[in-house]
Amino acid sequence: MEAKKKISDKLKLHSDSVQKILSTSPHWMIRWGNTMVFIVLLLLILIGYLIKYPEYIRESIVLTCQSCPEKIQAKTTSKIEKIFIKNDQYVDKGKVLLVLQSSARYQDVFKLKNSMDSLSSDQIHSFPIQEVSHYKLGELQDDFNAFSKVFINEGQSVNLKSNRRFNMEGQGIQHTQSSQCVKLLEKLKKSLKQWESKHLVIASKAGIASFSQVWKENQLIRTGDTLLSILPQEKEEYVATVPISLTDARKIAAGQKVLIKLDNYSYQEYGVVEGKVQSITTVPDKTGEYGVRINLPDGLKTSYHKKLHFDRELKGEAEIILKDVRLIERFFHEIK
């Protein structure tokens, strides 16, 4: 009886505890728990829908400029023999700006070039050999002497044959040069181009020539010295070509946004340069890659509103934005 009473008391105690719990109103977190979970889940879905995670192709890039100021530097240590232009003067492409000293008389070299340029391949016999023989050609002299010797010998031989034939038949004959004479003339032309490359400073583009400092004739310049800059009158136009594989080329279209991070300018500090896909080649190159041409509408102005300095070329990394994919779409895409 006593044992049964203890069990009855225990049951009554537990029953009272259970009744107390059941009769007590639950905490607010328990009451609203399901609702909170539902709201949080709904917010995550909404955020995943609103936030867009772009799909892009990342490739290396080399940035060049078609109409940027060009710095002209001395290729060798020498003295300035002649300056043909003044500071801030407009010059045409191909104009000779300066002449550096050499063992040749530059006026005579110019005359020689004009003589050779005015003759076609079948007019070598009209070369003014007697006039040019009085020129001071410096390092070109040996090549000219070799050409002159063969040219004169062949001319004398032709004249001798002409006289004999005229005496026999009463006719003159056409003067044609041998392959050796033509070959020697070509060698002279090649040496002339080398002389021009070494001793002439020529404008590679049209624009305003601006000297880096006051230069005078007979002044010494050293290799690497900046002589002048040519400032084109057109607006600066920056372009770049990005190599793309066939698989990636199918995803690219004109107008797509491009983010450029340059090696010389940390994008964390300077920002990124924004560009747009202008076109893509329809035929791959020898390596099987296509070229994507990118232009920069705002030039080298970055996302941090900083203007970057351009020097010949800039290397970096380009991210071509293919499309903006919603975060939730990317999540389900990964699940698939």
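Residues numbered from 1 in each chain as written. Predicted model: local features only at pLDDT ≥ 70, side-chain atom pairs only at ≥ 80, totals over all residues. Heavy atoms only, no water.

Asker: I would appreciate a short explanation of a nonpolar patch on the surface in the present structure.
Answerer: A cluster of nonpolar residues, Phe-38, Ile-39, Leu-42, Leu-43, Leu-46, Ile-47 and Leu-50, forms a patch on the protein surface that exposes about 690 Å² of accessible area. Mapped onto the elements of the fold, Leu-42 is located in helix H2 (residues 28–50). (Patch = residues over 30% accessible without salt bridge, like charges linked within 9 Å, V, L, I, M, F, W, Y side chains within 5 Å. Areas by Shrake-Rupley, 256 points an atom, 1.4 Å probe, with all protein chains shown as cover. Salt bridge = Lys/Arg side-chain N within 4 Å of Asp/Glu carboxyl O. Helix = DSSP H or I, 4+ residues; strand = E, 2+ residues; numbered from the N terminus.)

Asker: I tried to follow the sheet that holds strand E4 (residues 89–91) on my own but got confused; where do I start?
Answerer: The pairing of strands in a sheet comes from backbone hydrogen bonds and takes either a parallel or an antiparallel form. Taken in spatial order, the four strands of this open sheet run E2-E9-E7-E4, and their pairing is antiparallel. Of all strands in the sheet, those bounded by a partner on one side alone are strand E2 (70–73) and E4. On average, each strand axis in the sheet is inclined to that of its neighbour by 35°, with strand direction left out of account. (Pairing = 2+ DSSP bridges. Axes fitted to C-alpha atoms, helices over the stretch in contact; angles between N-to-C directions.)

Asker: What's the story with the environment of Tyr-304 in this structure? I'm lost.
Answerer: Of note, Tyr-304 is situated in the loop between strand E13 (290–295) and strand E14 (314–326). Tyr-304 sits in the partly exposed class, given a relative accessible area of 45%. For the pair Tyr-304 and Tyr-267, spaced 37 residues apart in sequence, the C-alpha to C-alpha distance is 9.2 Å. Each residue touching Tyr-304, except ones within four places of it in the same chain, is listed here: Tyr-267, Gln-268, Glu-269, Tyr-270 and Gly-271. (Buried < 20%, exposed > 50% of the residue type's maximum accessible area, 1.4 Å probe, protein only. Contact = heavy atoms within 4.5 Å.)

Asker: Help me out: how do you make sense of helix H6 (residues 179–199) in this one?
Answerer: Each turn of an α-helix holds 3.6 residues, which means side chains three or four residues apart point in the same direction. Spanning 21 residues, H6 covers 30 Å between terminal C-alpha atoms, matching the ideal 30 Å at 1.5 Å per step. Residues of H6 that are buried: Cys-181, Leu-184, Leu-185, Leu-188, Ser-191, Leu-192, Trp-195, Glu-196 and His-199. Down the axis of H6, the sector holding all buried residues measures 145°, keeping them to one side. Along H6, exposed side chains directed more than 90 degrees from the buried face belong to Ser-179, Lys-183, Lys-190 and Lys-193. (Expected span 1.5 Å × (residues − 1). Arc of directions from axis to C-beta.)

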